[in-house]
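What follows is the residue order along each chain.
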Amino acid sequence: MDATATNPSCLLYGPLDARFEDRPIPTLNNPHDVIVRIAYTGVCGSDVHFWLHGGIRTYVSPTQPLTMGHEASGTIHAVGSAVTSLVPGDRVAIEPGYPCRHCNQCKSGRYNLCPEMKFAADPPVVHGTLTKYFMLPADFCYKISDNVRLSEAVLLEPLAVGIHAVRLADVKPGQSVVVFGAGTVGMLCAAVAREFGARVVVSVDIMKHKLVFSRDFVGREVARQIIPDGKLIVEDNAARIVRENDLGDGADVVIDASGAEASVQTAIFALRKGGTYVQAGMGKRKIEFPISEMCEKEVVAKGCYRYGPGDFDLGISFVGRGRLQLGSLISTVFPFEKATEAWEAARRGDGIKMLIEGPKDAR
């Protein structure tokens, strides 16, 4: 079969059941759509969860398998007749979800909450970016400058998550910020908080190698690191974080990028009175939460879901101006045919960020 007429894809049929197949090349029926030739797809924690469990809220099945992947970059392969902002050959980062544009959430500027959101690799029917050709609206593709590699552009998606969290927290110059979780999103939350003017950013994680890496990535002038003590109760761990990092009466802002129940609990106790808490990490759907502590401190608590207007644009600006070196986060690049090995490496916590190359042309 002619490789140029096929669309090699990695589909998940269920837990630990991934298969490589050819799917149809997308057809440009909407004049505002483009087709992207995928260069790289990043591995997210949600990908690992899908690999192990077959889904999160909705699940794949043998009768409705799903192309995986949502963090991606590539080059424009074809454009619809109404597209004027992009031409074939343009290098782009992909925002992998697009809304209906007509509902109340979209019209109020919160399109990430659109009930009709079409998000890559979201069961049961929206296929993802672990494929050769991927179609989406042109305005959800972001041209990258010549000084940004396509491998780095993959990280603009988790960077947009970090930007969204820090904007929700309304981090101001001179504030203290604690970030639970030093994975990709947590590290990016910490670095963005620095860009917003935080005087100190404390990263909390149980993996020492990630904290060591975060020291230089976030910047030694503001970055602090601490490993929680598993022998302490959450109140005492919170007090230790505050004490050892000179946070006075507590942190001004805490962002949880881990989703771990103990981290969420510790975070509330580590806040000062009137502080702001943002939940960016996804963990168990129901946990024990210190609600009395939140009330007595008048904590401002916010949920954070993906990204919204301007988040990708600000990320493009940070990276284009050299404020964030995304390439340093990339640990290993796996060939397309070894996508499952990339998911397993991420599951083990190897390195920081795993990438998967897009399918190559047959030789």
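Structure report, in brief. Keep in mind that what you see is a predicted model, and the values were worked out from it rather than measured. (Residues numbered from 1 in each chain as written. Predicted model: local features only at pLDDT ≥ 70, side-chain atom pairs only at ≥ 80, totals over all residues. Heavy atoms only, no water.)

1. A closer look at the overall build of the protein chain
Step number 1: Regarding its fold elements, the protein chain presents eleven helices and 18 strands.
Step number 2: Taken along the three principal axes of its C-alpha coordinates, the protein chain extends 65 × 40 × 40 Å.
Step number 3: Taken across its 363 residues, the protein chain has 53% of its residues classed as buried.
Step number 4: When contacts within the protein chain are restricted to residue pairs at least 6 apart in sequence, long-range pairs at least 24 apart make up 68% of them.
Step number 5: Just so you have it, the protein chain exposes about 16,200 Å², and 51% of that area is on carbon and sulfur atoms.
Step number 6: Across the protein chain, the mean location of the 40 positive side-chain charges is 1 Å away from that of the 41 negative side-chain charges. (Helix = DSSP H or I, 4+ residues; strand = E, 2+ residues; numbered from the N terminus. Buried < 20%, exposed > 50% of the residue type's maximum accessible area, 1.4 Å probe, protein only. Contact = heavy atoms within 4.5 Å. Areas by Shrake-Rupley, 256 points an atom, 1.4 Å probe, with all protein chains shown as cover. Lys, Arg positive; Asp, Glu negative; His and termini not counted. Charge placed at Lys NZ, Arg CZ, Asp CG, Glu CD.)

2. Section: the sheet that holds strand S15 (residues 271-279)
Step number 1: On the basis of which strands lie adjacent, the open sheet formed by six strands has the order S13-S12-S11-S14-S15-S16 and parallel pairing. Because the sheet does not close on itself, it has two edges, and the strands there are strand S13 (223-226) and strand S16 (300-303). Between one strand axis and the next, the sheet turns through 20° on average, direction left out of account.
Step number 2: Two strands pair when backbone bridges link them, and strand S14 (residues 251-256) and S15 are joined in this way by five bridges, in the parallel orientation. Its bridge partner being in S15, Val-254 is matched across the sheet by Tyr-277.
Step number 3: Along the sheet, helix H6 (residues 208-218) makes contact with strand S12 (200-204) and S13, crossing S13 at roughly 170°.
Step number 4: Where helix H8 (residues 261-270) meets the sheet, its contacts fall on strand S11 (176-180), S14 and S15, and the angle it forms with S15 comes to roughly 150°. (Pairing = 2+ DSSP bridges. Axes fitted to C-alpha atoms, helices over the stretch in contact; angles between N-to-C directions.)

3. Topic: the nonpolar core
Side chains that are nonpolar tend, in soluble globular proteins, to be buried together.
Step number 1: Among the nonpolar cores identified, the biggest contains 73 residues, and Val-34, Val-36, Leu-156, Leu-159, Ile-255 and Leu-326 are the most heavily contacted of them.
Step number 2: The leading source of residues in this core is helix H4 (residues 156-169), at nine residues. (Core = buried A, V, L, I, M, F, W, Y, C linked by side-chain atoms within 4.5 Å.)

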